[in-house]
Structures are given as C-alpha cells and as structure tokens.
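Each chain, letter by letter, is given below.
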Amino acid sequence: MKEYLIRFVQQHETFRRAEIEALAALFEAQIEILEYSDDTPFCLVRIQDDATARAIVGRSILTKAVYELWGRGLTYEELHEDVRRRTSEKWAQYRNCSFRFDVDAYQGKRNQKEQRKLIEGFSYLGFSGRIQMSKFEENWCIFEEWDNVFGIAVSSSPSLSPSVSTPSTPSGANTSSAAAAAASGGAVSNIKNKPRPEQPPTHPNRLFLGRLIGGSDREAIVRYDLKKRKYISTTSMDAELALVTANLALAAPGKLFFDPFVGTGSFSVACSHFGAHALGSDIDGRSIRGKGEGGIVSNFHQYGLVHRFCDSFVSDLTNTPLRPTQLLDGIICDPPYGVREGLKVLGSRDGKGKEVIYLADGTAAHLSSSYIPPKRPYSFERMQADILAFAATMLVTNGRLSMWMPTANEDFELGVPLHPCLELVSTCIQVFNKWSRRLLTYRRIPDSAVNPTALTNYQRDMSTLEAHASANDLNMFRRKYFEGFRPTTPSTGALTPASESDTTT
Amino acid sequence: MKVLTVNFLTCAVKTCKTSPEAFPLHFRDAELAQQDLEFNPEFIKNMLLRLDWNAFRVTTSELGFSTIPAEKPEGDALNDETLLRDLHKVLLETQVMEGKLVCGHCAHEYAIKEGIANFLLPNHLV
Ligand SMILES: [Zn+2]
C-alpha cells in the first residue's frame, strides 16, 4: 500500500468520498482513507499501487487527478524535509525525464514570480530533463491549502461527519467583492461558527508535493452536457450528477442497468458511458419516444453508444412486466417528486396481503403515522418502499440501487427507507435554497447474509401496516413542500437548483 | 423490443405472475428489424446466465430462428466466440418493431409500436 493525494473538486462535497469508495469496490481494491474533509479538495489515501490508483481515479467525476505523495508539511521547511525523507532514493530515476512542475494554491493566489520561486525551492531534486508544458513524461505539483479570507481553518484531521454540500449562493457574500471572489468554493457552512480575522492570511496552512499518477474522467461532463444533448426535458439529471450516480451504482462493461423512471434517459446514457447496457421504463411513453426529436435512443446515437442501448418500454413500477428474479446489476432512478405534477400510478384497487408495504425509516414505531395505503395519489413513502422491494427482488448479489429522493430542510426530513435485503452504502446530500435532495445507494446483500428474522418481521409489519393503513393519502413531501418550507407562493423555479456552483474546481 | 428483453418480461397482470403460461409472452404479427451492433462477449455471457433457455427457444422458434441449441451453453461453450456472436445477433441485433406480445394465461395483448412495447394495463386488470 502506498500513499497518494487525491485532488478533488470542491463541489458536491458529500458525494466525493462515496464515489471514490464505490470505485474502489468496483475494482475490488482496498482503499484506506487517511485524511478526508468536506472542507478541502486534498485527500490522502493508501492504495495498493499506481495502476489501481490510476484506475479508481480515472473513472471518477468529482476528482481532478491522483498523485503519488512525495511529501507534506505545515511549512515549506517541513515539506522539504519530508520530501527528502520519503523520496531521495527515487530522484535518480527521474533525472533525465521531461517534466512539468505546477503550483495548485487552493483558496490562495500565487503569481508567476512566486510560483517560480516555490518551484526553484525543489531544485535539490536534481531533475535535469527538459521542462515541457505538454507532452511531459512526469508532472509534479505543489499543493497549498489556504484559509479562505474569512480565516476559516481547514480541518487537518479526518472528518467523518456528513457535512453538506452547499452550492454557492449570494447569501453571505455581502463582504468586499474581492473577498467574495476569493472565498468562492470555501466551506460556507462553517462561517457562522468561526471568528473572522482582520487580515487575509499570509501563508498557507498545509502543503503537499505529489507526482501525477493519472487524471479523472471529468471531461465526460463536457461531453454529456445537457446543453449539447439532442433530447432532454426539464427534469433531465445534469451530466455531472448522472455520471456520479452511475459510478456509485458501479456501472461497468458487461452489466445490465435499469431505470424505472427513465424519462429522457440521462442515467441510462451515463451508465452506458461506463460500459453498461441500459434498460429503462417509464409510465409516459411520450418521453421514451420523444416528440420528433427521436426519443431516448437518439441520445445513444448521438454519443455513439447505441450498442449499449437495450430497450425502453412503457410500464408502471407497481405493475412491472419484469420477471421477478435477479436480472439486474444495477438500478438507478430519480423518482418523480410528485410536487409539480403529482404522483401518478395505475390505481391498484386493493392489493391487500399480496404486496409488501413498508416503512419510511424501517422501524415499527413510525409505521402507523407515515404509512399510506396503495391508492391514488401514490404516496412518496410508498413509492420508495416499492422501489426498495423491487430492487431487493431484481438485483443480483452485490448489485446496487442508487435512488435520488427529496428531503426537506430544517423542520422536516424524510427518513431513509430500509429493506432487510439491502445494505445502505452511502448517503449524499445536495442542498438547494428551499429544499435538499439525497442520493441513497444500497447494496443487495447475499441471501445467506439476510437476517431471516428481520425479513419475517419486515414482511409481517408490512402486512399489518397495510391492513391498518389510515386513509391519509397525502404525500408528506408534497404537503410540506406547499405548507412548510415555502414562505411565498409556489413557483416552478423552486424545483431547480438555485444556481450552479461557481466554486473553484 | 429485443429478443433479450422479451426473455426478461412476463405478463404485467399480478395474477399472471405466478402462472407458467404467462411466460414467455408470445409474439403476434411481429415485424422484425436487424441492426448491426458492436459485439460484447462479456455481456452476452452474463446475460446467458440469466436467460431462461426454454423460453428463449419458444420465442426464437416463433420468430423463425431454427438453429438455437437445445441446451443452454455452459462451461467451455461460453468461450466459443462463434456461438456468442450468433447469440448476440439474436438477442441484441434482432428487434421486433411492430406487433403484439400476448399473455398465454390471460390472453391480454401488449402492443409494440416503433420498437417500444406498452405494458400499461387497463383499469380492470390493475
Ligand atoms: Zn396475463
């Protein structure tokens, strides 16, 4: 195992670690996260070797690159000392290679002259090869981590707390414009807890030196940009998060992935980008066919992925024609929120005793209050339960479900739905102005690992629940959406991200 | 609708799910189309494991393919590239563009238009 520095982008913070860990699982590789914090783009890990590090990061969307760690320190003195200790035996092998040396000052600014001076500080490495800006054989990078102008210390210890990614909003930016610009990408959520210094910081907090091992797949975001896509709708998931979702669900060559709310096929395209074959269904046949644009399949044609397009068919998850057996390697979906349009399903008159119903949070205590009978309108909790039951039936062992769901801010939060056959792998949160949504990822555990008592109790509780379900047909999220977290009259704008993050990436 | 997909589908009517007659669904008035697609042996092998071979034979004979082996390929046969390419051709490159899929249990007909099958049920079948 060797130490590496992963250079993340500083956005969608709560998705970053989950993505890297998912990719390690995909490549069946060990990854030991030594230092990670949502507040910094620099993460230290231990991975078996360069090839594995290159493979993991090479598929990631929320990183820029991975570097072999050559040294670290709180000051340049410490950094140089550490570089000598770790790497002096390696210097000879790089003596004659062409190379490039960069400075990456996170939340800091270094002009050309300063950069040159910092780089010259490493002249003891003795590299005498050509310096080339492109087509270099090796690339070293000095990483500086600065406090932002508010003086927020970046935590230097590993943080496991699930802090929340905060797309930058104008709020809190009523300081000087220079300060606001320099602070972009900062850990806005911590501001209120920290004192603000009079002066901007004069030196960085942490320093690293790394040798480039490999880049990420971040260019895919540009390739699959919705603005350049033939067939989209207002609910199409943006390319970046669709690709991240496909990574979390372990989309890969040879696998079959299904989206039961396929819409315009955003997730299917992302899964196919990573080599998986895509199957989808939607209750609305018009979205599959498109209106003259050619429908979902036209997107696969656009990207040269049509060989990985299996089929899309028109159906409803509650009456799916899929054979109830382990056919799918992954399920990805962004179920309709039921806010704008209201949820629609084919009305099931009374599936009493035939269908499993379930809890929003997996505990019996909450059942009676949160449970909703299977009729129109379809409750959001019920839909989540149906998706989990479907996934438990259809996923192969170790197959994954990645499901987006809305969750409200402040006064109310939807529970995380659970199923005895599914293990919750990660929870990622994206925060908007008035609401937030989460991406829940589950793993289908082997049948032999399913607790039989839990499964029996679950099925019994579900039957009980169904028999005693109240007539409360309100979709909790929908009700809260209209009553709880909206001070003004509803506008369609509230369902779209407040603004694209403009953080330093 | 590809031949592979049909093997993964049964009747959407709940009371048909447990009936052996509901699977596979039967093509009626099927108009076929053939499309050249990049071959991925790994995917074909993975799908073979999940394929119901008897149902696959029923479907292919209804569509007029006569050379499907009687037994599902296993072991060394899975490394036979010619065989995998033949299966690729039938499973992925062959599509039913127009026609119907009919349940052998309840006789409900699901329409296929422009290659897209519609499994929404009328109210009385939900
Ligand atoms: Zn039927």
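About the cut-offs
- Residues numbered from 1 in each chain as written.
- Chains lettered and ligands numbered in written order.
- Predicted model: local features only at pLDDT ≥ 70, side-chain atom pairs only at ≥ 80, totals over all residues.
- Heavy atoms only, no water.
- Helix = DSSP H or I, 4+ residues; strand = E, 2+ residues; numbered from the N terminus.
- Buried < 20%, exposed > 50% of the residue type's maximum accessible area, 1.4 Å probe, protein only.
- Contact = heavy atoms within 4.5 Å.
- Areas by Shrake-Rupley, 256 points an atom, 1.4 Å probe, with all protein chains shown as cover.
- Rg over C-alpha atoms; globule rule 2.2 N^0.38 Å.
- Lys, Arg positive; Asp, Glu negative; His and termini not counted.
- Charge placed at Lys NZ, Arg CZ, Asp CG, Glu CD.
- Pairing = 2+ DSSP bridges.
- Axes fitted to C-alpha atoms, helices over the stretch in contact; angles between N-to-C directions.
- Buried area = accessible area lost by both parts, 1.4 Å probe.
- Salt bridge = Lys/Arg side-chain N within 4 Å of Asp/Glu carboxyl O.
- Donors = N, O, S within 2.8 Å, 3.2 Å for Na, K, Ca; no water.
- Tetrahedral: all angles 85-135°; square planar, octahedral: opposite > 155°, others 65-115°.
- Domains from an automatic or database assignment.
- Polar contact = N/O pair within 3.5 Å; in protein donor to acceptor, adjacent residues only side chain to side chain.
- Nonpolar A, V, L, I, M, F, W, Y, C, P; charged D, E, K, R; others polar.
- Parallel < 35°, antiparallel > 145°, perpendicular 65-115°, else oblique.

**So, the overall build of chain A**
The secondary structure content of chain A amounts to 14 helices and 14 strands. Relative to its 505 residues, chain A shows a buried fraction of 58%. For chain A, the proportion of contacts with a sequence separation of at least 24, taken over those separated by at least 6, is 78%. Only carbon and sulfur atoms are counted for the fraction: they give 51% of the accessible area of chain A, which is about 21500 Å².

**What to know about the overall build of chain B**
A tally of helices and strands in chain B yields four helices and four strands. What you see for chain B is a C-alpha radius of gyration of 15 Å, in line with the 14 Å of a compact globule of 126 residues. Viewed in the frame of its principal axes, chain B has a C-alpha envelope of about 50 × 30 × 25 Å. In chain B, which comprises 126 residues, the share counted as buried stands at 49%. Across chain B, contacts joining residues at least 24 apart in sequence account for 68% of those joining residues at least 6 apart. A total accessible area of about 6000 Å² is found for chain B, and carbon and sulfur atoms account for 48% of it. Averaging the positions of the 12 positive and the 18 negative side-chain charges in chain B gives two centres separated by 6 Å.

**Quick look at the environment of A:R46**
All names here are of chain A. As for its placement among the helices and strands, R46 is situated in strand β3 (residues 42-47). For the pair R46 and S298, spaced 252 residues apart in sequence, the C-alpha separation works out to 42 Å. Excluding its chain neighbours within four sequence positions, the residues that come into contact with R46 are M1, K2, E3, Q30, I31, E32 and L34.

**Overview of the sheet that holds strand β1 (residues 26-34) of chain B**
Residue and element names in this part refer to chain B. Ordered in space as β1-β2-β3-β4, the four strands form an open sheet in which the pairing is antiparallel. Pairing within the sheet leaves two strands with one partner each, and these edge strands are β1 and β4 (116-117). In the sheet, strand β2 (residues 94-102) pairs with strand β3 (residues 109-113) via four bridges, with the strands oriented antiparallel. Bridging from a neighbouring strand, L101 pairs with Y110 of β3. Each of β1 and β2 touches helix α3 (residues 53-63); the most contacted strand, β1, lies at about 70° to it. The strands touched by helix α4 (residues 81-93) are β1 and β2; relative to β2, the strand with the most contacts, the crossing angle is about 55°.

**What about the interface of chain A and chain B?**
Facing the 38 residues of chain A at the interface are 35 residues of chain B. Of the roughly 3000 Å² buried between chain A and chain B, counting both surfaces, carbon and sulfur atoms make up 58%. By the criterion of area lost to chain B, the three top residues of chain A are A:R289, A:P321 and A:R323, representing 20% of everything that side buries. Taken together, the connections running from chain A to chain B amount to one salt bridge. Across the pair A:D329 and B:R50 runs a salt bridge whose closest N-O atoms are separated by 2.7 Å.

**A word on the coordination of the zinc ion**
Residues and elements named next belong to chain B. The protein atoms that coordinate the zinc ion are C11 (SG), C16 (SG), C103 (SG) and C106 (SG), at distances spanning 2.2 to 2.3 Å. Every donor counted, the four donor atoms about the zinc ion form angles of 105 to 114° at the centre, which fits tetrahedral coordination. Within one chain, the residues donating to the zinc ion are spaced in sequence as C-x4-C-x86-C-x2-C. Taken together, the residues C11 in the loop between α1 (3-7) and β1 and C106 in the loop between β2 and β3 connect sequence positions 95 residues apart. Owing to a relative accessible area of 29%, C106 belongs among the partly exposed residues under this scheme.

**What to know about the domain arrangement of chain A**
Residues and elements named next belong to chain A. When the domains of chain A are assigned, the result is domain 1 (2-149 + 202-216) and domain 2 (220-343 + 378-483). Relative to domain 2, the C-alpha centre of domain 1 lies at a distance of 36 Å. With 14 residues of domain 1 in contact, the opposing surface of domain 2 contributes 22 residues. For the pair domain 1 and domain 2, the summed buried area comes to about 1400 Å², and 68% of that belongs to carbon and sulfur atoms. When the buried area of domain 1 at its contact with domain 2 is split by residue, F15, R59 and I61 rank highest and sum to 47% of it. Our count for the domain 1 to domain 2 interface comes out at zero salt bridges. Where domain 1 meets domain 2, there are five residue pairs in polar contact (both at pLDDT 80 or more). Among the residues making up the side of domain 1 that touches domain 2, the classes are represented as eight nonpolar, four polar and two charged.

**Side note on the sheet that holds strand β1 (residues 2-8) of chain A**
All names here are of chain A. Spatially, β2-β3-β1-β4-β7-β6-β5 is the arrangement adopted by the seven strands of the open sheet, whose pairing is mixed. Of all the strands in the sheet, just β2 (31-35) and β5 (99-106) have a single pairing partner and so form its edges. Going across the sheet, the axis of each strand differs from the next one's by a mean of 35°, ignoring polarity. Pairing between strand β6 (residues 138-145) and strand β7 (residues 206-215): six bridges, direction antiparallel. In the strand pairing of β7, E145 is matched with R206. Its contacts with the sheet put helix α3 (residues 76-87) on β1, β4 (63-73), β6 and β7, and the angle it makes with β4 is roughly 95°. Strands β5 and β6 of the sheet are contacted by helix α4 (residues 112-120), whose axis makes an angle of about 120° with β5.

**A few points about the packing of α3(B) against α4(B)**
All names here are of chain B. For the pair α3 and α4, interaxial distance at closest approach is 12 Å and the crossing angle is 70°. Accordingly, the angle class assigned to the pair α3 and α4 is roughly perpendicular. Across the interface between the two elements, W53, F56 and T60 of α3 pack against L87, V90 and L91 of α4. Within the contact of α3 with α4, the residues separate by chemical class into five nonpolar, one polar and no charged.

**Side note on the pattern of salt bridges**
Residues and elements named next belong to chain A. Taken as a whole, this structure holds 28 salt bridges over all chains when the rule is applied. For E68, the salt bridge identified is with R211, shortest N-O distance 2.9 Å. Taken together, the positions of E68 in strand β4 and R211 in strand β7 put the pair 143 residues apart, joining distant regions of the chain. Note on E68: relative accessible area 3%, which makes it buried. A relative accessible area of 7% means that R211 is categorised as buried. Of the charged contacts in the structure, one is a salt bridge between R443 and E423, with a shortest N-O distance of 3.0 Å. Of this pair, R443 sits in strand β14 (residues 435-444) while E423 sits in strand β13 (residues 422-431), and the two are 20 residues apart along the sequence. Given a relative accessible area of 23%, R443 falls into the partly exposed group. Beyond isolated ion pairs, a larger network of salt bridges with shared partners links K2, D50, E68, K90, E138 and R211.

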